[in-house]
Structure formats: structure tokens, C-alpha cells
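Results of the structural survey
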Amino acid sequence: MATERPRQAAPSGWLLFQLGVVLLPSSALLGSLLLFPALLIGSLRRERNGWSDPWTLPLILAAVLMVSGCLRAYSGPLAWAGLANWLPFFWGFWGFQPYVSDTGGRRRTALWLVAGTVPVLVTGLGQIWWGWQGPWQLFNGLIIWFVTPGGEPSGRLSGLFDYANIAGAWLALVWPFALAAFVQPGLKPERRALAILLATAQVAALLLTDSRNAWGALVLAVPIVLGAQSWFWLLPLLLLALFPLLLAVLPGVPSAFQQPARALVPEAIWSRLTDSRHAAERALASTRLSQWGVALQLIGERPWLGWGAAAFSVLYPLRTGKWHGHAHNLPLELALSHGLPVAMLLIGFVLALLITSLRRGLRTLFDRAWWASVLILVVLHGTDMPFFDSRLNIAGWILLAGLRMMLRPDPVPAADGPPGSTR
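Throughout, a residue's number is its position along its own chain's written sequence, starting from 1. At least 70 in pLDDT is required for a residue's local features to be given in this predicted model, at least 80 for side-chain atom pairs to be given and counted, and no such filter applies to totals for whole chains, interfaces and linings, which use all residues. Side-chain measures here rest on the full set of heavy atoms in the structure, leaving out hydrogens and waters.

**Describing the packing of helix α1 (residues 11-23) against helix α2 (residues 28-43)**
As a packed pair, α1 and α2 sit with axes 8 Å apart at the nearest point and diverge in direction by 150°. One finds that α1 runs roughly antiparallel with respect to α2. With respect to the hand of their crossing, α1 and α2 are arranged in left-handed fashion. Counted together, Ser12, Gly13, Leu16, Phe17, Leu19, Gly20, Val21 and Leu23 of α1 and Leu30, Gly31, Leu34, Leu35, Pro37, Ala38 and Ile41 of α2 form the full contact between these two elements. Residue classes in the contact of α1 with α2 are distributed as eleven nonpolar, four polar and no charged. Helix axes use the C-alpha atoms of the stretch in contact, all axes being lines fitted to C-alpha atoms, and the angles between their N-to-C directions lie in the range 0 to 180 degrees. A run of H or I in DSSP becomes a helix once it reaches four residues, and a run of E becomes a strand once it reaches two; helices and strands are each numbered from the N terminus. Under this scheme an angle from 65 to 115 degrees is roughly perpendicular, one under 35 degrees roughly parallel, and one over 145 degrees roughly antiparallel; angles in between are oblique. Whether a crossing is left-handed or right-handed is set by the direction in which the near helix is turned from the far one by less than a right angle, anticlockwise for left-handed and clockwise for right-handed. The contact definition used throughout considers only heavy atoms, calling two residues in contact when any of these lie within 4.5 Å. Under the scheme applied here, ten amino acids are nonpolar (Ala, Val, Leu, Ile, Met, Phe, Trp, Tyr, Cys and Pro), four are charged (Asp, Glu, Lys and Arg), and all others, including Gly, are polar.

Written as C-alpha cells, this is what we have:
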């Protein structure tokens, strides 16, 4: 595991970090128990402190505003508890940087994420195809996997996650790395076969989550990972493949075109994309538009420091009579809970990292996959809130730390080939 260790990373921290990353999708507890000491080690003996890095300043200011907002929060103690979703991860953005400080470290981390996702794939496909069910216990019940037969909800792959949309978000996050592992040059035949197997299982699992966001991520990652040099042939192929789907789902398409398209596209796909399965039974208060409308009203009433974390789950039933735990949109949730200034700081911070790293240039195949993974997470949080799962939250801040380190010169250029002498 010492292979491709970044020069800034201590050997002990690098070992703990890799083990934590590979165990993270299987167990948030085991992953955290390893990543926490790695974070401590990564925060020590740094060339620069966090205060001197301009990229940490928005996080520091946002933290001050969040704490200030808790003093007058409508949600009371829930507001203070909600800080656990943010403040420790601001530190993680700084402390994880040594482990993803060069292309070799980021590539190794990406491959460990792919390897660590294998239990999610196996249990997810097992629950859908073979009816596997938990709970399965390790270490006398310290680790319990609640694998629901047939998925959660029924018929949708959830694997080791509580819900199919969260499983879809994790698989979407890892998909660019699985794709990069598959297409990387110079692989030995046996490793190429393994990469093809993992990529195929990843696609199958993503489709079986029945998550529209995950399906979109499946397509979005391909042109980014393969790079602009492939676009002259890839984009026409993608458009040709997606054209029948667009005819099948877009409103206003004449029946003479839509019906043949729906005969060609599997009904499970077009009915899910048009939401025709549940449209008749879904109450207005259950829709995203209703949630976003109420969230905007609440933001307008307390725009500066917000209502406090988890306030949406308290206030939405009072306004609509229907319970929802969050606003299904991260910018709105941030503004409602912590105020518009915090939302602007954090959303601007992430978008600035994406834009600046893209303008600087993505040097390698795995850096393109890394950038694509962050973009996918950003898009997913436009209509859902998967970061409430601690595994996705931890992985997301590791990815943001790597994006930050892309803006620095790489002291040791790393190849895109597999570790060791395989090229």
C-alpha cells in the first residue's frame, strides 16, 4: 500500500487513509475509525497552516456564521446537532489534502473507491436477482448490514445503503473512476478483464437503482472522462443513442413519433423518467416543486442566519400538512438552515474549485474522472440531499480536497497506468 504515496503524506497516515477509503462504502464506522487518525496525521507538520490558504477562508467564515445562527435558531438543539454535517468536514478538506496532493495519490484513492464499492455491487445485485436479505453481522454486531430482499424501496437496488437513491448517488460518484480504470492504457489482459467486469457491474447496478439522477450521471461522466479528443465521434454516438429516449419522454412530441420510440425504449426507463408510474397518486405537497416553493418562502422570512439545521422537517408539515426531512436541493437547504450568506459562500466555493481546476487543465485520465465525480455530486445535490449519508459526505470532501490540490504543481508526474510495472 506504499505504492504511489504522495510526498506530502506520512507513511502511517497514507496507510490508514487507504484502508479507510476502501472500507468506507461497507461501513461508515470502520471507515471513520481509520480516516480520523489519518486526518490527524495529515493535519500535522504542514508547510502552510489552514489560515494562510485562501481556499479555506470561505469555510472558516461559513463556520463562524453557522455557529452564530445556532444562537437564535428556530430548530433549537437540532441546529447545533446539524453542525456535525459541516464543521468536521471543513477540517477534513484541509487534513486530507496530503493524501491527494499529486496525480499518483488521487489515482490510488480513486482505485480504492472502486475496489471498496465491490461489496455494494455484490449485495445490491444479490438482493435484486437472488433475493438476498440481512441483517448480516460482523464483530459481534458492531457492524450490521441491513440488506433488504428486493431492494429499498421494493424493486430498486439499495445494497448496503438505506435507500436506492443513496446507493445510486454512491455508485454515480464512483462510476467515473470505474470507467477510467477500464479505459486506462497499458493494462495487462487479466487486469483489463477485471476492470471490464467491475465497470459492467457498476452500470448494471446504477440502472437497477431506478434513480433518474444516477442514470443521468452514467451518461454525463463518459465524455468528461474520455476527454475532448474523443468528442468528435463520441458525442454523435451519444446523441444518436439518446434520441429515441428523448422522443419517448419529452412532452409535446407527436404521438406518431412518441409511440414508436416508447416501443423501442424499455417501459421501465421512459415511465420512470416521465414519472408516469406515480403521477396520479402523488400529492402536490410531496413534489419537489412544492418543497422548493415553501423553502423559498422560508428563506425570504429569515434570509441572513436562517432557521437552523433540520428546521425544514419541522416547518414544512406546519405549512403543508406533509412531512419531508429536507428540501431536496442543497443550496435551498443551506440558505434555509444557515442563511443566504452561508449558502453563497459554500456553493461559490465548490463552483470556484470546479471552474478554476478546469481552466488550469486536467492533466491525466484520473484527474478528469476526479473532476467528473465532483461535478456529478454537485448535480445530484440539485434535486436530492445524499450528503446526509456520512459515507457520501466523507467521500465528497476527500474529492474536494483533491480538486484543491490539482491547482498546485504536481512535484512527481504520475502515469495513468496501473500501479507497479504493468505498462
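**A short note on helix α6 (residues 103-116)**
A helix is expected to span 1.5 Å multiplied by its residue count minus one. Across its 14 residues, α6 extends 20 Å between first and last C-alpha, which sits within 8% of the 20 Å expected from 1.5 Å per residue. Residue burial is assigned from relative accessible area. The probe radius is 1.4 Å, only protein chains are included, and a residue is buried under 20% of its type maximum, exposed over 50%, and partly exposed in between. A large share of α6 lies buried, amounting to 13 of its 14 residues. Pairing of N or O atoms within 3.5 Å defines a polar contact, subject to two protein rules: one partner must be a possible hydrogen donor and the other a possible acceptor, and residues neighboring in sequence count only if both atoms are side-chain atoms. In this structure Asp102 caps α6, since a side-chain oxygen of it lies 3.2 Å from the backbone nitrogen of Gly104.

**Some details on helix α14 (residues 288-301)**
Each turn of an α-helix holds 3.6 residues, which means side chains three or four residues apart point in the same direction. Taking 1.5 Å per residue, 14 residues should reach 20 Å; α14 reaches 20 Å between its end C-alpha atoms and fits that length. Listed as buried for α14 are Ser290, Gln291, Val294, Ala295, Leu298 and Ile299. Against the buried residues of α14 lie α15 (311-320), α16 (330-338) and α17 (340-360).

**Quick look at the packing of aromatic side chains**
In this analysis, rings of Phe, Tyr and Trp, with Trp reduced to its six-membered ring, are considered paired at centre separations within 6.5 Å, and the interplanar angle assigns stacked below 30 degrees, edge-to-face beyond 60, and tilted for intermediate values. What the rule picks out here adds up to 19 aromatic pairs. Ring geometry for Trp14 versus Phe17: centroids 6.2 Å apart, planes at 20°, classification stacked. A residue pair is termed a helical-turn pair when its members lie 3 or 4 positions apart in one helix, as Trp14 and Phe17 do in helix α1 at three residues. Assessed through its relative accessible area of 0%, Phe17 is described here as buried. When the centroid spacing of 6.3 Å and the interplanar angle of 75° are considered together, the rings of Phe93 and Trp397 count as edge-to-face. Linking Phe93 in helix α5 (residues 87-95) with Trp397 in helix α19 (residues 390-405), this pair joins segments that are 304 residues apart in sequence. Of the two residues examined, Phe93 and Trp397, each falls in the buried class. In this structure an aromatic cluster arises from ring pairing among Trp55, Trp86, Phe90, Phe93, Phe349, Phe387, Phe388 and Trp397. Lysine and arginine charges are scored as sitting over a ring when NZ or CZ, respectively, is within 6 Å of the ring centre and within 35 degrees of the ring normal. Just above the ring of Trp270 sits the side chain of Arg262; from NZ or CZ to the centre is 4.1 Å. Above the ring of Phe161, the side-chain terminus of Arg391 is found at 4.0 Å from the ring centroid.

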